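Descriptive analysis of the structure
Each chain, letter by letter, is given below.
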Amino acid sequence: YDPIISFLIGGVSDFIKNVTNRQLIEYSSKSKIEYFNAVGAAYYLPEEFPLLSVSELATSVDGGVTYTPLVVNVDYFVDTKDDLVLSNTSTTGFLTSSISHNSGRITYRGGYVTTPLDLKLAALDLVNHYYKEEYIPSKALQGASVENPVIIIDGHRAPPHVQRTLDLYRVL
């Protein structure tokens, strides 16, 4: 057991969640509720993807005080291929109302059931990167110098290949 590596694993995990703006696996096993502007919206793209299931989609005409559930395959369609929820009418969207605040509420499960292997490898590379202090761009050791290619991601130095992997999962 190495307390430094344990500390780095926790830090790298938080760093990845922060950089990607996603939870990745947390909401694959429990439901997430999101509120959105449903007025005139022809579709809704949930924050967590891939979209696994939608347990409820509801609309509100009073700013989120009360909600009316919509019926799947009648009022809306779930597209798990493109990870979105489509209104049955593209001209009016989910709702026609004058109050858009919290006019839509979705309860769904999304994300990865297990962490993707390329993301696991990037996390391990990042732990190793920090453990070996490779975040220092260059070092001189007894007359020899070592150049470490690093880039800045959200104020932190990381290897370029890790950034490329994180960009695949990043939500802007």
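Structural data are supplied above this passage.
Note that the structure is a prediction, hence the values are computed from the model and not measured. (Residues numbered from 1 in each chain as written. Predicted model: local features only at pLDDT ≥ 70, side-chain atom pairs only at ≥ 80, totals over all residues. Heavy atoms only, no water.)

Let us now look at the overall build of the chain. Within the chain one finds 3 helices and 11 strands. Listed by position from the N terminus, the elements making up the chain come as α-β-β-β-β-β-β-β-α-β-β-β-β-α. For the chain, the proportion of its 172 residues judged to be buried stands at 35%. Within the chain, contacts between residues at least 6 apart in sequence are counted, and of these 72% link residues at least 24 apart. Accessible surface computed for the chain: about 10100 Å², of which carbon and sulfur atoms make up 56%. (Helix = DSSP H or I, 4+ residues; strand = E, 2+ residues; numbered from the N terminus. Buried < 20%, exposed > 50% of the residue type's maximum accessible area, 1.4 Å probe, protein only. Contact = heavy atoms within 4.5 Å. Areas by Shrake-Rupley, 256 points an atom, 1.4 Å probe, with all protein chains shown as cover.)

Attention shifts here to the sheet that holds strand β5 (residues 76–79). Ordered by their spatial adjacency, 3 strands build an open sheet running β2-β6-β5, and the pairing between neighbours is antiparallel. Strand pairing shows two members of the sheet lacking a second neighbour, β2 (43–44) and β5, which therefore form its edges. (Pairing = 2+ DSSP bridges.)

With that settled, consider the pattern of salt bridges. Scanning the entire structure with this criterion turns up 7 salt bridges. Among the ionic pairs, Lys 30 bridges to Glu 26, the shortest N-O distance being 3.1 Å. Classification of Lys 30 by relative accessible area gives partly exposed; the value is 41%. We note a salt bridge from Lys 32 to Glu 47, for which the minimum N-O separation is 2.9 Å. Here Glu 47 lies in the loop between β2 and β3 (51–59) and Lys 32 lies in strand β1 (residues 32–36), a separation of 15 residues in the sequence. Note on Lys 32: relative accessible area 11%, which makes it buried. One connected set of salt bridges, linked through shared partners, spans Lys 32, Glu 34, Glu 47 and Glu 48. (Salt bridge = Lys/Arg side-chain N within 4 Å of Asp/Glu carboxyl O.)

For an α-helix, 3.6 residues make a turn, and residues three or four places apart therefore share a direction. Of all the positions in helix α3 (residues 160–169), only Val 162, Thr 165, Leu 166 and Tyr 169 are classed as buried. Viewed along the axis of α3, the buried residues span an arc of 100°, placing them on a single side of the element. In α3, the exposed residues that point more than 90 degrees away from the buried face are Arg 164 and Leu 168. The inward-facing, buried residues of α3 contact α1 (3–20) and α2 (117–131). (Arc of directions from axis to C-beta.)

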